[in-house]
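A closer look at the structure
Residue strings, one per chain:
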There are 2 protein chains.
Amino acid sequence: MKKPMDCLSSKSTELRIREAAERVFLEKGFDGATSRDIAEAAGINIALTNYYFRSKEKLFMQIFEDLVQLFFNGMVEIMNKPISLRDKIAELIEHDFQLLKNNPNLSNFIMNEVHRNPDRMASCIGVMKEIHHSMFEQQLQHEISLGNVRPIKALHVMPMAFANIQFLFIGKQMHMKMWQMDEAAFEDFINQHKQIVIDMVTSYLFDFKKE
Amino acid sequence: MKKPMDCLSSKSTELRIREAAERVFLEKGFDGATSRDIAEAAGINIALTNYYFRSKEKLFMQIFEDLVQLFFNGMVEIMNKPISLRDKIAELIEHDFQLLKNNPNLSNFIMNEVHRNPDRMASCIGVMKEIHHSMFEQQLQHEISLGNVRPIKALHVMPMAFANIQFLFIGKQMHMKMWQMDEAAFEDFINQHKQIVIDMVTSYLFDFKKE
DNA sequence: TTGGTATTTAAACACTTGTTTAAAAAAACC
DNA sequence: GGTTTTTTTAAACAAGTGTTTAAATACCAA
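Residues numbered from 1 in each chain as written. Chains lettered and ligands numbered in written order. Predicted model: local features only at pLDDT ≥ 70, side-chain atom pairs only at ≥ 80, totals over all residues. Heavy atoms only, no water.

1. Considering the overall build of chain A
This is how the line gets drawn: A run of H or I in DSSP becomes a helix once it reaches four residues, and a run of E becomes a strand once it reaches two; helices and strands are each numbered from the N terminus. Burial classes: relative accessible area under 20% of the type maximum marks a residue as buried, over 50% as exposed, and values in between as partly exposed (1.4 Å probe, protein chains only). For the accessible areas, the method is Shrake-Rupley and the probe is 1.4 Å, while residue cover comes only from the protein chains on display. None of His or the chain ends enter the tally, which takes Lys and Arg as positive and Asp and Glu as negative. To locate a charge, the coordinates of NZ of Lys, CZ of Arg, CG of Asp or CD of Glu are taken.
What chain A contains, in helices and strands, is 11 helices and zero strands. Counting helices and strands in the order they occur from the N terminus, chain A gives α-α-α-α-α-α-α-α-α-α-α. In terms of overall dimensions, chain A has C-alpha extents of about 75 × 50 × 30 Å along its principal axes. Looking at the 211 residues of chain A, the share that counts as buried comes to 52%. When the accessible surface of chain A is totalled, it reaches about 10200 Å², and 52% of it is carbon and sulfur. Averaging the coordinates of the 25 positive side-chain charges in chain A and doing the same for the 28 negative ones gives two points 5 Å apart.

Dropping the structure here:
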């Protein structure tokens, strides 16, 4: 008869594999990452990845889904906050900035893997529904009806906020090469740019000439 | 003794390989594309890719460099046009939009391959120097000194223009899933968004309160 | 300790990878 | 025509891929 698995000892290595795989997948993508890369990064035998997770694909999907959650959860949380729209948009941008500062490859990774295999998004529909059902859209329409905000669809506001931030990290290597920045200079650059973006987006939405 | 190669007959298949490889690389990336994928897409024997190009890497680099040129050349051309700064920025955005409409994976592809192997940019330094030596930066500083443009560095203006366009295509699949758009709806969306972006960026730069 | 379970290992598996070979077919030249 | 060169092919190569196996080790309750 099977005893309940004592997860305390095994969890340690299972977690080591997960975390190592996350690093490797984020860096090289699904195609570029090999089972042996992951095993080496985790410091374990190759067979163990298939012992704990059943295949490379399964391991990947676990990590992918978690990263999609990470990508959207904080966003949804802010969208449902009971604060002014102006603060909300600024906070959304700020959050995206911090998220990508902590996970510079996150956006690049997700966009890529979704592009290569759109079906992978299927398991993440839930999070996206939450975005639609959040307070954000109705709050935006309300402010527009009051004449406080330029008439615009949420569909356009969201990419407006995120594109300007995520593009910095998606094209990090390119920006650094193009403007000959080192890591320190790049950090200065994105800090300044974030403020400019918040300024530009909010003033475009809120400070417009009513006709 | 070697006769000069009659390129007319061979060029046909060499070109077929190049064009097929471009399609496959753009779609799957270097890691995801196999020699057999390319051969099949071109409808030729596998050995021919290494007969005309010496390796997968060499074939890739030719294509990659050409695509980097495509990515930047039109941009540089506009930056050196003798037109007003306002028109120039609008035209840069418009050009980027058309470029990516014709090559939806271009930005994603370049950002990715540069990230995976930054050395690949080495051969493309020339184009990037042209950007620095273009009329754009001095024209911007001139307009700023006249008080016509908000004080800002070119370093910040360029991502401002391109991020908002390229992000639409980088995240195309994601946007379509999230807002449940088909191809036609997506086309409408990006057309509208492009106009909004031009409006937002130019009004942010030019219509500011002078203090 | 002992026996049974969970974990880890080295080795091998079948298959795909990029690349090469050597022969066949096509083309070009006299 | 015949000969040489270029182009194309099928087949094979060694190395790398994800995955499995079977034996070894560690663990733990009885």
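2. Some words on the relation of the copies chain A and chain B
Applicable threshold: Alignment of the copies relies on least squares applied to C-alpha atoms, considering only residues that score at least 70 for pLDDT in both.
Superposing chain A onto chain B requires a rotation of 180 degrees together with a translation of 0.0 Å along the rotation axis, leaving an RMSD of 0.0 Å. This pairing of chains is accounted for by a two-fold axis.

3. Points about the packing of helix α4 (residues 56-79) of chain A against helix α5 (residues 85-102) of chain A
Residues and elements named next belong to chain A. To keep it simple, the criterion reads: Axis geometry follows a simple rule: fit a line to the C-alpha atoms, using only the stretch in contact for helices, then measure angles between N-to-C directions, giving values from 0 to 180 degrees. Should an angle lie under 35 degrees it is considered roughly parallel, over 145 roughly antiparallel, and from 65 to 115 roughly perpendicular; all remaining angles are considered oblique. By definition, any crossing whose near helix is turned counterclockwise from its far helix by less than a right angle is left-handed, and any crossing with a clockwise turn is right-handed. Whether two residues touch is decided by their heavy atoms; if any such pair falls within 4.5 Å, the residues are in contact. Each residue gets one label: Ala, Val, Leu, Ile, Met, Phe, Trp, Tyr, Cys and Pro are nonpolar, Asp, Glu, Lys and Arg are charged, and the others, such as Gly, are polar.
Where α4 meets α5, the closest approach of the two axes is 10 Å, and the angle between their N-to-C directions is 160 degrees. By the angle between their axes, α4 is roughly antiparallel relative to α5. As for how α4 packs across α5, the hand of that crossing is right-handed. Across the interface between the two elements, L70, F71, G74, M75, I78 and M79 from α4 touch K88, E91, L92, H95 and L99 from α5. Looking at the contact of α4 with α5 residue by residue, the classes come out as seven nonpolar, two polar and two charged.

4. Quick look at unusual backbone geometry
A positive phi is found at Q180 of chain A, a non-glycine position, where the angle reads about 50 degrees. Mapped onto the elements, Q180 of chain A comes out in the loop between α10 (172-178) and α11 (183-206).

5. Some words on the nonpolar core
Here is a general trend for soluble globular proteins: nonpolar side chains tend to be buried in one another's company. Formally: Residues belong to a common nonpolar core when they are buried Ala, Val, Leu, Ile, Met, Phe, Trp, Tyr or Cys residues joined through side-chain atoms within 4.5 Å.
F25 and L205 of chain A together with F25 of chain B are the most contacted members of the largest nonpolar core, which has 154 residues in total. F25 of chain A has contacts with F30, A33, I38, K56, L59, F60, I63 and F109 of chain A, leaving out every residue within four places of it along the chain.

6. A short note on helix α6 (residues 106-116) of chain A
Of all 11 residues that make up α6 of chain A, 10 are buried, and the element is covered over most of its length. Listing the buried residues of α6 of chain A in full gives L106, S107, N108, F109, I110, M111, N112, E113, V114 and H115 of chain A.

7. Regarding the interface of chain A and chain B
Rule in force here: Summed over both partners, buried area is the accessible surface (1.4 Å probe) that two parts give up on being assembled. One side-chain nitrogen of Lys or Arg within 4 Å of one carboxyl oxygen of Asp or Glu is enough to make a salt bridge.
With 56 residues of chain A in contact, the opposing surface of chain B contributes 56 residues. When chain A packs against chain B, close to 5100 Å² is buried across both sides, 71% of that on carbon and sulfur atoms. In terms of surface lost to chain B, no three residues of chain A exceed F167, M174 and W179 of chain A, which account for 14% of the buried area on that side. The interface formed by chain A and chain B includes two salt bridges. A salt bridge links D199 of chain B to R150 of chain A; its shortest N-O distance comes to 3.6 Å.

8. Brief notes about the domain arrangement of chain A
All names here are of chain A. Formally: Marked domain ranges trace back to an automatic or database domain assignment. Here a polar contact is recorded for every N or O atom pair within 3.5 Å, except that within protein the pair must consist of a potential hydrogen donor and a potential acceptor, and residues adjacent in sequence are included only if both atoms are side-chain atoms.
Partitioning chain A into structural domains gives domain 1 (1-54) and domain 2 (64-206). Computed from C-alpha atoms alone, the centre-to-centre distance between domain 1 and domain 2 is 31 Å. Domain 1 puts eight residues into the contact, and the matching count from domain 2 is eight residues. At the boundary of domain 1 and domain 2, one finds one salt bridge. One salt bridge in this structure joins R18 and D66, with 2.7 Å as the shortest N-O distance. Across the contact surface, domain 1 and domain 2 share two residue pairs in polar contact (both at pLDDT 80 or more). By residue class, the composition of the side of domain 1 that touches domain 2 is three nonpolar, one polar and four charged.

9. Remarks on the protein's contact with DNA strand D
For clarity, the threshold we go by: Here a residue counts as near a molecule or strand whenever at least one of its heavy atoms sits within 4 Å of it.
Around DNA strand D sit 19 residues, and of these T34, S35, R36 and K56 of chain A together with Y52 of chain B come closest. Protein-proximal atoms of DNA strand D, defined as those within 4 Å of the protein, fall in sugar or phosphate at a share of 57%. In this structure, a phosphate oxygen belonging to DNA strand D sits 3.1 Å away from a side-chain N or O atom of Y51 of chain B. For the surface near DNA strand D, the secondary structure elements donating two or more residues are α2 (35-42) and α3 (46-52) of chain A together with α1 (7-32) and α3 (46-52) of chain B. If you tally residues by element for the surface near DNA strand D, the top one is α3 of chain B, at four residues. Taken together, the residues that form the surface near DNA strand D break down as eight nonpolar, seven polar and four charged.

10. Here's the deal with the UniProt feature "DNA-binding region" (unreviewed entry) in chain A
The cut-off we apply is this: UniProt positions are given in the numbering used here, feature names are shortened, and annotations may be inferred rather than shown by experiment.
Mapped onto the present numbering, the UniProt feature "DNA-binding region" (unreviewed entry) falls on residues 34-53 of chain A. Secondary structure within residues 34-53 of chain A divides into 75% helix and 0% strand; the distance between the first and last C-alpha atoms comes to 15 Å.

11. Digging into the pattern of salt bridges
If the charged atoms of two oppositely charged side chains come close together, the side chains can form a pair. Enumeration according to the criterion identifies 22 salt bridges over all chains in this entry. Through salt bridges that share partners, R18, E22 and D66 of chain A make up one connected network.

12. With respect to the confidence of the model for chain A
Formally: Every residue is assigned a pLDDT by the predictor, reflecting its confidence on a scale from 0 to 100.
For chain A, mean pLDDT is 93; residues scoring 70 or higher make up 94% of the total. With pLDDT under 50 throughout, residues 1-9 of chain A is counted as low confidence; its partners more than four residues away or in other chains account for zero contacts.

13. With respect to the side chain of N108 of chain A
Among the structural elements, N108 of chain A can be located in helix α6. By relative accessible area, N108 of chain A is classed as buried at 5%. The contact partners of N108 of chain A, leaving out residues within four places of it in the chain, are I170 of chain A together with N112 and H115 of chain B.

14. Brief notes about the packing of helix α9 (residues 154-170) of chain A against α11 of chain A
All names here are of chain A. Here α9 crosses α11 at 170 degrees, and the two axes come no closer than 10 Å. In terms of their interaxial angle, α9 and α11 are classed as roughly antiparallel. Where α9 abuts α11, its residues V157, M160, N164, I165, L168 and F169 lie against F186, F189, I190, H193, K194, V197, M200, V201, Y204 and L205. Grouping the constituent residues of the contact of α9 with α11 by class yields 13 nonpolar, two polar and one charged.

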